[in-house]
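Residue-level structure breakdown
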Amino acid sequence: MRHLALSFAVIAVATGAARAEPRGFTIGARPVWFVTGGVTTGGTVAVADRGALVGGELGLVRIRDRHVAGVYVDGFYDFGVDAALVTAGPELALIRRSPTMPLALGIDGGGALRFGGDGGLGAAGRVFVTVAGAVSLYGRYVFIDGDADRHAVQVGLTLKFPLAAPFGAGAR
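Described in the following lines is the structure provided in the data block. Predicted model, so just to flag it, every value in this text is computed and none were measured. (Residues numbered from 1 in each chain as written. Predicted model: local features only at pLDDT ≥ 70, side-chain atom pairs only at ≥ 80, totals over all residues. Heavy atoms only, no water.)

With respect to the nonpolar core
Residues V68, L85, A112, V142 and I144 are the most contacted members of the largest nonpolar core, which totals 20 residues. Elements with a contribution of two residues or more to this core: β1 (32-46), β2 (51-64), β3 (67-78), β4 (83-96), β5 (103-115), β6 (120-131) and β7 (135-144). Sorting elements by how many residues they give to this core places β4 first, with four residues. Ignoring anything within four residues of it in the chain, the contact list for V68 reads V61, R62, I63, E91, L92, A93 and I95. (Core = buried A, V, L, I, M, F, W, Y, C linked by side-chain atoms within 4.5 Å. Buried < 20%, exposed > 50% of the residue type's maximum accessible area, 1.4 Å probe, protein only. Helix = DSSP H or I, 4+ residues; strand = E, 2+ residues; numbered from the N terminus. Contact = heavy atoms within 4.5 Å.)

With respect to the packing of aromatic side chains
Aromatic ring pairs are reported here in terms of the distance separating the ring centres and the angle at which the planes meet. Tallied over the entire structure, the rule returns one aromatic pair. Ring plane angle 65° and centroid distance 4.9 Å describe the contact between Y77 and F79, whose orientation is recorded as edge-to-face. Judged by its relative accessible area of 27%, Y77 falls in the partly exposed class. The positively charged end of R126 is found above the aromatic ring belonging to Y72, 5.1 Å away from the centroid. (Phe/Tyr/Trp six-rings, centres within 6.5 Å; stacked < 30°, edge-to-face > 60°. Lys NZ or Arg CZ within 6 Å of the ring centre and 35° of its normal.)

Observations concerning the pattern of salt bridges
A full pass over the atoms with the stated rule returns six salt bridges. Across the salt bridge formed by R140 and D74, the nearest N and O atoms sit 2.9 Å from each other. Of this pair, R140 sits in strand β7 while D74 is found in strand β3, placing the two residues 66 residues apart along the sequence. By relative accessible area, R140 is classed as buried at 2%. (Salt bridge = Lys/Arg side-chain N within 4 Å of Asp/Glu carboxyl O.)

Details of the layout of surface pockets
Its volume calculated, the largest pocket comes out at about 530 Å³. Lining the largest pocket are 26 residues, and of these I63, A104, T130, G133 and A134 lie nearest its centre. Of all the secondary-structure elements, those providing two or more residues to the lining of the largest pocket are β1, β2, β4, β5, β6, β7 and β8 (151-162). If one sorts the elements of the lining of the largest pocket by residue count, β8 sits on top with four residues. Partitioned by chemical class, the residues of the lining of the largest pocket number 15 nonpolar, five polar and six charged. (1 Å grid on protein atoms, 1.4 Å probe; cavity = no way out; pocket = protein on both sides within 12 Å on 5 of 7 lines; lining within 4 Å. Points joined across faces, edges and corners; volume = space filled by probe spheres on them. Nonpolar A, V, L, I, M, F, W, Y, C, P; charged D, E, K, R; others polar.)

Re unusual backbone geometry
With a phi close to 55°, D65 is a non-glycine residue in the positive phi region. One can find D65 in the loop between β2 and β3. Accessibility expressed as a relative area gives 36% for D65, which makes it partly exposed.

Side note on the side chain of T158
With respect to the helices and strands, the residue T158 is situated in strand β8. Looking at T158, the relative accessible area reads 3%, which means it is buried. Of note is the side chain of T158, whose polar atom sits 3.0 Å from the side chain of T40. Setting aside chain neighbours within four positions, we find T158 in contact with V39, T40, E57, R126, A134, V135, S136 and Y138. (Polar contact = N/O pair within 3.5 Å; in protein donor to acceptor, adjacent residues only side chain to side chain.)

A look at the environment of L58
Looking at the secondary structure, you find L58 in strand β2. Using a relative accessible area of 47% as the deciding quantity, one classes L58 as partly exposed. Each C-alpha atom of the pair L58 and Y72 lies 5.7 Å from the other, and the pair is 14 residues apart in sequence. Sequence-distant contacts of L58, that is, excluding residues within four places in its chain, are made with T36, G37, V71, Y72, V73 and L163.

Now the structure itself:
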């Protein structure tokens, strides 16, 4: 009889502990959303008038397992063409997890708008490598229709950090 009472007590404690944990059973990683922002700098190195650039970037990305997908918008002033530019569009990246140094390889691109000078609409595409989740080295091609400096190749560095706590299904 004692063994039966002890068994019931153990079951009652175990089920009480299970009820204290509201999360259900899941398989795989839970996706999270991040709002990111930071500064960008670099330079136009080919095709157009060469010069430095400086600006900022905002993004909204979803991370699941090793995959990143989201949207970005950046704005910068290019001293080579003496004009401000804004680019925006989707971004995709793949994360290589490492205990010593996480690394992400990605692409982004979309529309481009140049203010000042000849101005105009165009497109931009960028390839980037992000180290330790915050420092990105990039190469970008920009085409602005109707501009004397229609084509530009830029290289640069972006420092980008989460602006708020992660949110979504996987955030805790």
